[in-house]
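Here is what each chain is made of, one letter per residue.
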Amino acid sequence: MIIYQKKVTLETDFSPMSVRGLLNHWLVPQKMQHFLRINREILVNGQYRAFNRNVEPGDEITLNFSEVSVKVQNYELDATQSFSVLFESDDLLIVNKPAGIKTHPNRPGENGTLMNQVAFYLAQQGKKAYMVHRIDEATSGTLLIGKTPIVIGILNRQLSQKKMARQYIAIVDDPKHELAEHATINSPIGVDPENDRQRCVDYINGLSAITHYRVLSRKGATAVLAVDLETGRTHQIRVHLASIGHPILGDPLYNPTDTTPRLLLHGQTLRYTEPYTDQPRTVTAPVPDAFEPYLS
């Protein structure tokens, strides 16, 4: 049996609350809380403490997880390293994914994806790679990966409760400078009935999808946008911007007549809270050289 341990010393300005309140505050999933309680594996200053009792500033919290309901993700190992590391801790790895590489395998035994490369990188530390979210193959930018299963449930809850934010930069067609300075696109997205590789706005069968954007600058027939996702549907930004008549440059699916060599969509910024803390963190990936000609 593998036991994953996490030790945290509460800050001096911590506001006292119950053990249960602390775990809820950290977004620890209920199933994990259940096993901590019945196995008496939450220790405060070395002693088990009941969930209805308080913890105080300066207390050392030890969590021993012997049962974690996260599926083990086994990837073939690829020694290639096309990514750069933006941030790394004992629990997390954030990388800058290059354009043109898939995030993860789609079939057993598949190799050559980013997660295969990350799996090799982490294997040198005796760690496994746990995927939290994904980026389209043609898109570059920040990608967060768990190094231990005890953070995955927390990060998934940050995503679902919109406490994790991802901001992209996109270069779009805007020949007549008609694009509004900022707007929200709220159009459901579904699979394109004529091409299952593509997505489309679908008001009948589509899933809710919300994208916010603002114009950062304009140059010639293009505009540079900062784009924030409220939901995370496949191809969401690409579909939404094309649906309002301003497709992304270099998009082979939604702007097929454009000859730009790569999709000009980049996951520039990731904001989240470090698991088991109140510490917010912002990680930024440098804008690729391909964007430079369009920036003012």
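Residues numbered from 1 in each chain as written. Predicted model: local features only at pLDDT ≥ 70, side-chain atom pairs only at ≥ 80, totals over all residues. Heavy atoms only, no water.

**Q** I keep staring at the nonpolar core and nothing clicks. Help me out?
**A** Proteins that are soluble and globular tend to have nonpolar side chains buried together. Counting residues in each nonpolar core, the largest one holds 37 residues, and the members touching the most others are Val118, Ala129, Val172, Leu225, Ile237, Leu241 and Ile248. Elements represented by at least two residues in this core include exactly β8 (92-97), α3 (114-123), β10 (140-146), β11 (165-173), β15 (210-219), β16 (222-229) and α5 (236-243). In terms of domain composition, this core takes at least three residues from each of domain 2 (70-161) and domain 3 (167-267). Residues Leu27, Leu36, Leu270 and Tyr272 belong to the second largest nonpolar core, which totals 34 residues. (Core = buried A, V, L, I, M, F, W, Y, C linked by side-chain atoms within 4.5 Å. Buried < 20%, exposed > 50% of the residue type's maximum accessible area, 1.4 Å probe, protein only. Helix = DSSP H or I, 4+ residues; strand = E, 2+ residues; numbered from the N terminus. Domains from an automatic or database assignment.)

**Q** What is the right way to read the environment of Asp90 from this model?
**A** When you line up the elements, Asp90 lands in the loop between β7 (84-88) and β8. Along the sequence, Asp90 and Thr148 sit 58 residues apart, while their C-alpha atoms lie 8.3 Å from each other. If near-sequence neighbours (up to four positions away) are discounted, Asp90 is found in contact with Lys127 and Lys147. (Contact = heavy atoms within 4.5 Å.)

**Q** Even after reading the chapter, I still don't get the packing of aromatic side chains, so can you show me in this structure?
**A** Any two aromatic rings considered together are summarised by their centre-to-centre distance and by the angle between their planes. By the definition in use, this model includes three aromatic pairs. With centroids separated by 5.8 Å and ring planes inclined at 85°, the aromatic side chains of Phe83 and Tyr121 adopt a geometry described as edge-to-face. Here the residue Phe83 occupies a position in the loop between β6 (60-65) and β7, and Tyr121 occupies one in helix α3, the gap between them amounting to 38 residues. An aromatic cluster of at least three residues, connected via ring pairs, comprises Trp26, Phe65 and Tyr276. (Phe/Tyr/Trp six-rings, centres within 6.5 Å; stacked < 30°, edge-to-face > 60°.)

**Q** What's the story with the layout of surface pockets in this structure? I'm lost.
**A** In this structure, the largest pocket spans a volume of roughly 1100 Å³. Considering the residues around the largest pocket, the lining is formed by 36 residues, among which Arg134, Ile135, Asp136, Thr234 and His235 are closest to the centre. Where the lining of the largest pocket is concerned, the elements lending two or more residues are α4 (152-160), β11, β16 and α5. Partitioned by chemical class, the residues of the lining of the largest pocket number 13 nonpolar, 12 polar and 11 charged. Both domain 2 (70-161) and domain 3 (167-267) contribute no fewer than three residues apiece to the lining of the largest pocket. (1 Å grid on protein atoms, 1.4 Å probe; cavity = no way out; pocket = protein on both sides within 12 Å on 5 of 7 lines; lining within 4 Å. Points joined across faces, edges and corners; volume = space filled by probe spheres on them. Nonpolar A, V, L, I, M, F, W, Y, C, P; charged D, E, K, R; others polar.)

**Q** Just checking my understanding: could you explain the pairing of β8 for this structure?
**A** Consecutive residues of a regular strand have side chains that alternate between opposite faces of the sheet. A large share of β8 lies buried, amounting to six of its six residues. Burial of β8 is two-sided: the residues Leu92, Ile94 and Asn96 facing one way and the residues Leu93, Val95 and Lys97 facing the other way are all buried. Two elements, β7 and β8, share four bridges in a ladder whose sense is antiparallel. Looking across to β8, one finds that Phe87 is bridged to Ile94. Bridge analysis of β8 against β10 gives six bridges, and the strand direction is antiparallel. Bridging from a neighbouring strand, Leu93 pairs with Ile145 of β10. (Pairing = 2+ DSSP bridges.)

**Q** Just to check I follow, could you spell out the UniProt feature "active site" (unreviewed entry) in the chain for this structure?
**A** The positions UniProt marks with the feature "active site" (unreviewed entry) are Asp136. Turning to its location among the elements, Asp136 is positioned in the loop between β9 (130-131) and β10. (UniProt positions renumbered as here; feature names shortened; annotations may be inferred.)

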